[in-house]
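Structural overview
If you want the building blocks of each chain, they are given just below.
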Amino acid sequence: MKILILFSALIILNSMFFVYQADLNSYARESTYIKNIADECAAGAASFYDEQAASEGYYYFSRKECPAYVSHMVEESFHEDDNASFDINYYDTYGIEKPAIEVVITLKGRDRFRLPFLSKTTISRAGHYEISGY
């Protein structure tokens, strides 16, 4: 009887370990995908700049076109039920040597882990792009 109890406990522990590994692998892939989209959004948004300020020697990002581009990329990259949101941080004030833009994408929604004692409902990743040749 002891062998049956011990064997059942080992089967339960091993199956919990395999479920955890599968969920962690899925979480890592999803997190990497969000990071890649954030990097792509930051790099694409950096190409929209204020032309009037650039003619005066300053590099300012366009506050109108950058959010439109990032919004389009986020809508195309994620499903509606993913509840994706983004935040854009501009580092282009007067006196900054290398202007930069940072895009933070946050996904809220379903629990990423199936085990009852683990819970991760929010994934947030950031992408940063710096204009070094300016």
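Description of the structure in this document. This structure is a prediction, so every number in the text was calculated from the model and none was measured. (Residues numbered from 1 in each chain as written. Predicted model: local features only at pLDDT ≥ 70, side-chain atom pairs only at ≥ 80, totals over all residues. Heavy atoms only, no water.)

Moving on to the overall build of the protein chain. Counting its secondary structure elements, the protein chain contains 3 helices and 3 strands. Each helix and strand of the protein chain, placed in order from N terminus to C terminus, yields the pattern α-α-α-β-β-β. A globule of 134 residues ought to have a C-alpha radius of gyration of about 14 Å, yet the protein chain, at 22 Å, is considerably larger. For the protein chain, the spread of C-alpha atoms along the three principal axes comes to 85 × 30 × 15 Å. Expressed as a percentage of the 134 residues in the protein chain, the buried residues total 29%. Residue pairs in contact within the protein chain that sit at least 24 positions apart in sequence constitute 59% of those at least 6 positions apart. Looking at the protein chain as shown, the accessible area adds up to about 9,000 Å², and 56% of this sits on carbon and sulfur atoms. Of the charged side chains in the protein chain, 12 are positive and 19 negative, and the gap between their average positions amounts to 13 Å. (Helix = DSSP H or I, 4+ residues; strand = E, 2+ residues; numbered from the N terminus. Rg over C-alpha atoms; globule rule 2.2 N^0.38 Å. Buried < 20%, exposed > 50% of the residue type's maximum accessible area, 1.4 Å probe, protein only. Contact = heavy atoms within 4.5 Å. Areas by Shrake-Rupley, 256 points an atom, 1.4 Å probe, with all protein chains shown as cover. Lys, Arg positive; Asp, Glu negative; His and termini not counted. Charge placed at Lys NZ, Arg CZ, Asp CG, Glu CD.)

Moving on to the environment of Asn89. Within the element layout of this structure, Asn89 appears in strand 1 (residues 84-91). Taking relative accessible area as the criterion, Asn89 reaches 23% and is therefore assigned partly exposed. The spacing of Asn89 and Ser124 is 35 residues in sequence and 15 Å in space, taken between C-alpha atoms. Apart from the residues within four sequence positions on either side, Asn89 is in contact with Ala100, Ile101, Glu102 and Val104.

What follows deals with the environment of Asp82. Following the sequence through the fold, Asp82 ends up in the loop between helix 3 (65-77) and strand 1. In sequence terms Asp82 and Arg110 are 28 residues apart; their C-alpha atoms lie 8.0 Å from each other. Look past the residues within four positions of Asp82 in its chain and what remains in contact with it is Leu107 and Lys108.

The element strand 2 (residues 100-108) is extensively covered by neighbouring structure, given that 8 of its 9 residues are classed as buried. Note: strand 1 against strand 2, 8 bridges, orientation antiparallel. Looking at the pairing, Ser85 lines up with Thr106 of strand 2. Here strand 2 runs beside strand 3 (residues 122-130); their pairing, made up of 9 bridges, is antiparallel. In the sheet register, Glu102 faces strand 3, and the bridge partner there is His128. (Pairing = 2+ DSSP bridges.)

The next subject is the sheet that holds strand 3. As summarised here, the arrangement of the 3 strands in space is 1-2-3, forming an open sheet in which the pairing is antiparallel. Each edge of the open sheet carries a strand with a single partner, namely strand 1 and strand 3. Shown here is a sheet whose adjacent strand axes are inclined to one another by a mean of 15 degrees, direction ignored. Most of the contacts of helix 1 (residues 2-45) go to strand 3, to which it runs at about 35 degrees, and overall it touches strand 2 and strand 3. Packing against the sheet, helix 3 makes contact with strand 1 and strand 2, and its axis sits at approximately 150 degrees to strand 1. (Axes fitted to C-alpha atoms, helices over the stretch in contact; angles between N-to-C directions.)

For helix 1, which comprises 44 residues, the first-to-last C-alpha distance of 64 Å matches the rise-based estimate of 64 Å (1.5 Å per residue) to within 8%. Looking only at helix 1, the buried set comprises Asp23, Glu30, Ser31, Ile34, Ile37, Ala38, Cys41, Ala42, Gly44 and Ala45. Residues of helix 1 that are buried sit in contact with helix 3, strand 2 and strand 3. (Expected span 1.5 Å × (residues − 1).)

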